[in-house]
Amino acid sequence: MTDPIQDRNELTGLLSEQWETIATLVADLDEEHWRTPSPLPGWSLFDVVAHVVGTESWLLGERPPAHDPIRPKTDVTTLPHVRNESGVLNEIWVDRLRPLSGRRLLELYREVTDRRRAALASLGDAEWQAETVSPIGKVIYGRFMRVRLFDCWMHELDIADGLGVSVDEGGPRAERAFGELIATIGRAVAKGAQAPDGSRITFELTGPSPQTLHVAVDGRANIVDELDAPATVVVRMGSGLFARLRGGRTTADAHEGEFRISGDAELGNRLVRSLAFTI
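The shown structure was predicted, so the numbers you read here are calculated from the model rather than taken from an experiment.

J.: Explain the overall build of the chain to me, and be specific about the residues and the numbers.
T.: In terms of helices and strands, the chain carries eleven helices and seven strands. For 279 residues, the compact-globule estimate of 2.2 N^0.38 gives 19 Å, and the C-alpha radius of gyration of the chain, at 20 Å, lies within 12% of that figure. With respect to the principal axes defined by its C-alpha atoms, the chain has extents near 60 × 40 × 35 Å. In the chain, once contacts between residues fewer than 6 apart in sequence are set aside, the share between residues at least 24 apart is 69%. In the structure as shown, the chain presents an accessible area of about 13800 Å², 50% of it carried by carbon and sulfur atoms. If you average the places of the 31 positive and of the 42 negative side-chain charges in the chain, the two averages end up 4 Å apart.

Printed below as a string of structure tokens:
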């Protein structure tokens, strides 16, 4: 079992590194490029960073800024990409921060993430392991911070893709993020792709975060170390594409030729089109 205190030290360091990586990525943007569309519906690159500011501010116990009465008020609950209460809160923060310039948003981002670093450093061990509300339900605070690292890592990719630049998609931060991407893969296999009982599935991922993932369907779809029978289907793709499909940033139809399916082609095609999940 992972030592929760050792895990905390590593995780807080990776979060700090992730925040700085995002800041560096947007540091030289002019106002026009701040407003470049991101892969996320309805959000520009500005909005992606504003979302991180909002979430980290909320974790500091703060509320969204007051609505500017001069601006039209948006009913965020009517937006098609808002599906739950977390989405409503995210959208309120983004909407309230939109009047800022990109430069001012970056200043606010640096200020908020600095305060979050200090807050994390000041937490006692009991607080790190205390239960708290999170987008994935009630979990210990440290578990929530793993979700925060995953979320910020995905948003680094969103910004890079919006700008059309490459970033390092491997390393410890990616390894932690892939833990979140993989943990619920059984749901995509069983509920999304409707893989029948007895199916044996292998995902072979190449690129900066290479790994082989096996899933056995026996009533439920579970990740296993090894398959006990030949794979029904093998899906091969780059780890970057897998991350973006799991994160709902793109579709398999937009990447024909970038993945290969061996074995049951019908099941394989359902799989690559059922990977998306949201937190």
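Having seen the structure, we can now continue with the description.
J.: A description of the pattern of salt bridges should follow, citing residues and the corresponding values.
T.: All chains considered together, the criterion is met by 28 salt bridges. Of the charged contacts in the structure, one is a salt bridge between Glu56 and Arg148, with a shortest N-O distance of 2.8 Å. Within this pair, whereas Glu56 is found in helix H3 (residues 45-59), its partner Arg148 is found in helix H7 (residues 141-163), the two being separated by 92 residues in sequence. Like Glu56, the residue Arg148 is buried in the burial classification. Here Asp218 makes a salt bridge to Arg200, at a shortest N to O gap of 3.0 Å. Note that Asp218 is positioned in strand E4 (residues 211-218) and Arg200 in strand E3 (residues 200-206), a separation of 18 residues in sequence. By relative accessible area, which is 7% here, Arg200 ends up buried. A single network of salt bridges, built from pairs that share partners, joins Asp47, Glu91, Asp95 and Arg98.

J.: Residues and numbers for the sheet that holds E3, please.
T.: Taken in spatial order, the five strands line up as E5-E4-E3-E6-E7 in an open sheet, and their pairing is mixed. The sheet is open, and its two borders are formed by strand E5 (220-224) and strand E7 (259-263), each paired with just one other strand. The average angle at which neighbouring strand axes cross in this sheet is 20°, direction not considered. Here E4 runs beside E5; their pairing, made up of five bridges, is antiparallel. By the bridge assignment for E5, Val215 is matched with Ile223.

J.: Give a description of H7 that names residues and reports values.
T.: An α-helical segment advances 3.6 residues per turn. Residues three or four places apart therefore align on the same side. With 23 residues, H7 ought to run about 33 Å at 1.5 Å a step, and its terminal C-alpha atoms sit 33 Å apart, in line with that. Taking burial as the measure, the 23 residues of H7 include 19 buried ones, the bulk of the element. Just past H7, the residue Gly164 takes up positive phi, approximately 75°.

Calculation notes
- Residues numbered from 1 in each chain as written.
- Predicted model: local features only at pLDDT ≥ 70, side-chain atom pairs only at ≥ 80, totals over all residues.
- Heavy atoms only, no water.
- Helix = DSSP H or I, 4+ residues; strand = E, 2+ residues; numbered from the N terminus.
- Rg over C-alpha atoms; globule rule 2.2 N^0.38 Å.
- Contact = heavy atoms within 4.5 Å.
- Areas by Shrake-Rupley, 256 points an atom, 1.4 Å probe, with all protein chains shown as cover.
- Lys, Arg positive; Asp, Glu negative; His and termini not counted.
- Charge placed at Lys NZ, Arg CZ, Asp CG, Glu CD.
- Salt bridge = Lys/Arg side-chain N within 4 Å of Asp/Glu carboxyl O.
- Buried < 20%, exposed > 50% of the residue type's maximum accessible area, 1.4 Å probe, protein only.
- Pairing = 2+ DSSP bridges.
- Axes fitted to C-alpha atoms, helices over the stretch in contact; angles between N-to-C directions.
- Expected span 1.5 Å × (residues − 1).

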